[in-house]
Amino acid sequence: MLLGAVVPELRARAEKLAADLSELITLRKAIASERDHLAVDRDNLREDQTRLAALIDERQRKQSAIEKDMEVEGARALALSRQVDSLQGLIGKMEQDLKSAAKAAAAASLQGAPATLNNGKPNLGGLKDPARLSPAIAFASAKGLLALPVNGVKIREFGGSDGAGGVEKGISLATRAGAQVTTPCDGWVVYAGPFRSYGQLLILNAGGGYHVLIAGMERISVNIGQFVLTGEPVATMGTRSQVASILAANASQPVLYIEFRKDGTPIDPGPWWAANEGEKVRG
């Protein structure tokens, strides 16, 4: 009778101990499995860190090489600019002899005219794509749509007297000191740097045989060969005029000079400027 009363209790304790032991074994297996997973993750992390370090080193090497190439190209551009006396000669020299400018000119000539809408008007929707690598609007179709590169007062008109017995081939805008200069259109940079009496000069190949020249800035922030978007900041004005012809007229404030060319010949930029703020294209 005594054994009959004790055995069931012992059996229950034994079953509980067996269950606890089984749970402990399962827990140990889970810990071992988790430890193995952590070891694998640690090894993968080390591999990722090693690979990331290698990628960073490679990127830095490439960046250094790019910066070195840009310095070499910039120095060569300046050397070439000293070999010519005219803006047309500069454009031709850059697009023929400078690798990055020649590549930009080739890209401009290979691009077909952007598509237009059924009514023949340019499709302005392409301007909303910030990743585009070619003009969203054909330059010839952008008449009445372009914004001036800087806020200012027009002091010289195309075709007017240049103050030296000749006629103006572009327009001049008096600006505030430190004003930001933007691109009026999409285009490839074929020259960016000082040139003769123009101060800092930026030349864009807008495609279709058109070039846009902007001069008189103190600092340019884009590089030769780069594709720039409509409205993109590209330069900054200084505190006084950098253009010699304007200096001769005793203009103390900074002045931006803008010139459009078609197949090498200066053309009147007037038809391209938007009449009011609402009509200007925005990049």
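As shown above, the structure is provided for reference.
This is a predicted model, so every value here is computed, not measured.

Undergrad: Sorry if this is basic, but what is going on with the overall build of the chain here?
TA: Check the secondary structure of the chain and you find four helices and eleven strands. For the chain, the proportion of its 283 residues judged to be buried stands at 34%. In the chain, once contacts between residues fewer than 6 apart in sequence are set aside, the share between residues at least 24 apart is 61%. Surface summary for the chain: the accessible area is close to 16500 Å², and the carbon and sulfur share equals 55%.

Undergrad: Help me out: how do you make sense of the nonpolar core in this one?
TA: Core analysis: the largest hydrophobic core is formed by 32 residues, its most contacted members being Phe139, Met217 and Phe260. For this core, the secondary structure elements donating two or more residues are strand E2 (171-174), strand E5 (200-207), strand E6 (210-217), strand E9 (233-236) and strand E10 (255-262). Among the elements that line this core, the one with the most residues is E6, at four residues. Those residues in contact with Met217, other than ones at most four positions away along the chain, are Val181, Gln200, Leu201, Leu202, Ala235, Thr236, Met237, Gln242 and Leu256. Counting residues in each nonpolar core, the second largest holds 24 residues, with Met94, Ala108, Val190 and Leu229 among its members.

Undergrad: Help me understand helix H3 (residues 99-110), please; the structure alone is not making it clear to me.
TA: Side chains of residues three or four places apart in an α-helix project in the same direction, reflecting 3.6 residues per turn. With twelve residues, H3 ought to run about 16 Å at 1.5 Å a step, and its terminal C-alpha atoms sit 16 Å apart, in line with that. Listed as buried for H3 are Ser100, Ala101, Ala104, Ala105 and Ala108. Axial view of H3: buried residues confined to an arc of 135 degrees, hence all on one face. Those residues of H3 that are exposed and angled more than 90 degrees off the buried face are Lys99, Lys103, Ser109 and Leu110.

Undergrad: Where do I start with the packing of aromatic side chains in this structure?
TA: Here a ring pair, both rings aromatic, is described through the centre-centre distance and the interplanar angle of the planes. Within this structure, the stated rule accounts for nine aromatic pairs. Relative to Tyr210, the ring of Phe139 lies with its centre 4.8 Å away and its plane at 40 degrees, an arrangement referred to as tilted. Residue Phe139 is found in the loop between H3 and strand E1 (153-156), and its partner Tyr210 is found in strand E6; the two are separated by 71 residues along the sequence. Pairing Tyr198 with Tyr257 gives two aromatic rings, centres 6.0 Å apart and planes at 50 degrees, and the pair type is tilted. Taken together, the residues span a long stretch of sequence, with Tyr198 in the loop between strand E4 (187-194) and E5 and Tyr257 in strand E10 at a distance of 59 residues.

Undergrad: Teacher, can you tell me more about the pattern of salt bridges here?
TA: Side chains that carry opposite charge are capable of pairing whenever their charged atoms lie near each other. One pass over the structure, following the stated rule, counts ten salt bridges. Across the pair Arg196 and Asp85 runs a salt bridge, and its minimum N-O distance is 3.1 Å. A residue pair is termed long-range when its members are at least 10 positions apart, and Arg196 in the loop between E4 and E5 and Asp85 in the loop between helix H1 (2-81) and helix H2 (87-97) qualify at 111 residues. The class of Arg196 is partly exposed, set by a relative accessible area of 49%.

Undergrad: Explain the environment of Ala142 to me, please; I cannot follow it from the model alone.
TA: Mapped onto the elements, Ala142 comes out in the loop between H3 and E1. Overall, the relative accessible area of 3% leaves Ala142 in the buried class. For the pair formed by Ala142 and Pro271, sequence separation is 129 residues and the distance between their alpha carbons is 9.1 Å. Once residues within four sequence positions are removed from consideration, Ala142 is found in contact with Ile137 and Trp272.

Undergrad: How should the layout of surface pockets be read in this particular structure?
TA: Left-over empty space is what a probe sized like a water molecule reveals as it rolls over the atoms. Empty space within the largest pocket amounts to approximately 560 Å³. Met70, Glu73, Ser100, Asn223 and Ile224 are, among the 21 residues lining the largest pocket, the residues nearest its centre. Going through the elements one at a time, H1, H3 and E4 are the ones with two or more residues in the lining of the largest pocket. Examining the composition of the lining of the largest pocket, we find that eight residues originate from one element, H1, more than from any other.

Undergrad: What is the right way to read the sheet that holds strand E3 (residues 180-182) from this model?
TA: Backbone-to-backbone hydrogen bonds join strands into a sheet, with any given pair of strands oriented parallel or antiparallel. Spatial ordering of the open sheet is given by E3-E9-E7, a layout of three strands whose pairing is antiparallel. Because the sheet does not close on itself, it has two edges, and the strands there are E3 and strand E7 (219-220). Here E7 runs beside E9; their pairing, made up of two bridges, is antiparallel. Each bridged residue has a counterpart across the sheet, and for Ile220 the counterpart in E9 is Ala235.

Undergrad: So what exactly am I meant to see when it comes to the environment of Pro114 here?
TA: Along the polypeptide, Pro114 turns up in the loop between H3 and E1. Once you skip the residues sitting within four places of it in the chain, Pro114 turns out to touch Pro135, Ala136, Ile137 and Ala138.

Undergrad: Would you take a moment to explain empty space enclosed by the protein for this structure?
TA: Taken as a whole and assessed by the stated rule, the structure comprises one cavity of 30 Å³ or more. Here the largest cavity defines a volume of roughly 90 Å³. In terms of residue class, the lining of the largest cavity is built from twelve nonpolar, one polar and one charged.

Each value, and the rule that gives it
- Residues numbered from 1 in each chain as written.
- Predicted model: local features only at pLDDT ≥ 70, side-chain atom pairs only at ≥ 80, totals over all residues.
- Heavy atoms only, no water.
- Helix = DSSP H or I, 4+ residues; strand = E, 2+ residues; numbered from the N terminus.
- Buried < 20%, exposed > 50% of the residue type's maximum accessible area, 1.4 Å probe, protein only.
- Contact = heavy atoms within 4.5 Å.
- Areas by Shrake-Rupley, 256 points an atom, 1.4 Å probe, with all protein chains shown as cover.
- Core = buried A, V, L, I, M, F, W, Y, C linked by side-chain atoms within 4.5 Å.
- Expected span 1.5 Å × (residues − 1).
- Arc of directions from axis to C-beta.
- Phe/Tyr/Trp six-rings, centres within 6.5 Å; stacked < 30°, edge-to-face > 60°.
- Salt bridge = Lys/Arg side-chain N within 4 Å of Asp/Glu carboxyl O.
- 1 Å grid on protein atoms, 1.4 Å probe; cavity = no way out; pocket = protein on both sides within 12 Å on 5 of 7 lines; lining within 4 Å.
- Points joined across faces, edges and corners; volume = space filled by probe spheres on them.
- Pairing = 2+ DSSP bridges.
- Nonpolar A, V, L, I, M, F, W, Y, C, P; charged D, E, K, R; others polar.

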